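Notes for the structure review
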Amino acid sequence: MTVHIDLRTTATPEQVRRAFTDFSDRRPRTWHRTLDPATYELRSLGPDWAEARESSRRSPVWVVCRYDWSDPDVVRWVFTETSYGGGGDGWVRATPDPGGGSRLRAEWTSTDVRRQRLVLLAVHRTPLHRMIQRQWAPTLDEYAAADQG
């Protein structure tokens, strides 16, 4: 099951990259629309990688992601643990938009789903993924505005 996200943001590609790779105390505030601070846990952090447990508010689904941003053009992640008993991976890439800001493309896949199949089907197979787009765009726009000030 794969989710595709395409959106435009006022954030530059560098700001998008920083928002996705900021594992400081600011992360739960930046991603407040999609990240539950009560369940967020940074497990380890390196110069171009991090591992964190993340979930959304009121969601029974959680994942432990190993993020890697050693490639300057893309941030990748692999699910090392999940509440649904399977795996998955994903990536996000931002490119300059001719009108300013960025065009963002992201994709993630959930594999070998053994539990919580209905919840994941709702995310992957219905327009629910558009809700994620509607949450990420203002999150990144706010990040860009705060970065300017």
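Our structure is the block above this text.
Now for a quick tour of the structure. (Residues numbered from 1 in each chain as written. Predicted model: local features only at pLDDT ≥ 70, side-chain atom pairs only at ≥ 80, totals over all residues. Heavy atoms only, no water.)

Right, let's get into the overall build of the protein. Within the protein, the secondary structure is distributed over four helices and seven strands. Secondary structure elements of the protein occur, N-terminal to C-terminal, as β-α-α-β-β-β-β-β-β-α-α. Every one of the 149 residues in the protein was classed for burial, and the buried ones make up 47%. Here the contacts in the protein between residues at least 6 apart in sequence split such that 50% fall between residues at least 24 apart. For the protein, the accessible area works out to roughly 7,700 Å², and carbon and sulfur atoms hold 51% of it. (Helix = DSSP H or I, 4+ residues; strand = E, 2+ residues; numbered from the N terminus. Buried < 20%, exposed > 50% of the residue type's maximum accessible area, 1.4 Å probe, protein only. Contact = heavy atoms within 4.5 Å. Areas by Shrake-Rupley, 256 points an atom, 1.4 Å probe, with all protein chains shown as cover.)

With respect to the helices, strands and loops of the structure, His 32 is situated in the loop between α2 (27-30) and β2 (41-45). Note: C-alpha distance between His 32 and Ser 56 (24 residues apart in sequence) is 9.0 Å. Once residues within four sequence positions are removed from consideration, His 32 is found in contact with Arg 57 and Glu 142.

This part takes up the side chain of Thr 34. Mapped onto the fold, Thr 34 is located in the loop between α2 and β2. Those residues within four positions of Thr 34 in sequence are excluded, and the remaining contacts are Ser 55, Ser 56, Gln 135 and Trp 136.

One finds Ile 5, Phe 20, Leu 104, Trp 108, Trp 136 and Leu 140 to be the most contacted residues of the largest nonpolar core, which totals 33 residues. For this core, the secondary structure elements donating two or more residues are β1 (2-9), α1 (13-21), β3 (49-55), β4 (62-68), β5 (75-82), β6 (87-96), β7 (102-111) and α4 (128-148). If you tally residues by element for this core, the top one is α4, at six residues. Leaving out residues up to four positions away in the same chain, Leu 104 has contacts with Ile 5, Asp 6, Leu 7, Val 16, Phe 20, Val 92, Arg 93, Ala 94, Trp 136 and Leu 140. (Core = buried A, V, L, I, M, F, W, Y, C linked by side-chain atoms within 4.5 Å.)

Paired through backbone hydrogen bonds, the strands of a sheet run either parallel or antiparallel to each other. Taken together, seven strands build an open sheet; the order of strands is β1-β7-β6-β5-β4-β3-β2 and the sheet is antiparallel. The strands lining the two open edges of the sheet, one partner per strand, are β1 and β2. Along the sheet, successive strands turn relative to each other by an average axial angle of 20°, direction set aside. Bridging between β4 and β5 involves six bridges; their strand directions are antiparallel. (Pairing = 2+ DSSP bridges. Axes fitted to C-alpha atoms, helices over the stretch in contact; angles between N-to-C directions.)

Taken as a whole, this structure holds nine salt bridges when the rule is applied. One salt bridge connects Asp 97 with Arg 8, and the closest N-O pair in it is separated by 2.9 Å. Linking Asp 97 in the loop between β6 and β7 with Arg 8 in strand β1, this pair joins segments that are 89 residues apart in sequence. On the basis of relative accessible area, Arg 8 is assigned to the partly exposed category, the value being 33%. (Salt bridge = Lys/Arg side-chain N within 4 Å of Asp/Glu carboxyl O.)

Let's shift gears to the pairing of β1. Every second residue of β1 is oriented toward a common face, the buried set being Val 3, Ile 5, Leu 7 and Thr 9 and the non-buried set Thr 2, His 4, Asp 6 and Arg 8. The pairing of β1 with β7 spans eight bridges and is antiparallel. Bridged to Thr 2 within β7 is Thr 109.

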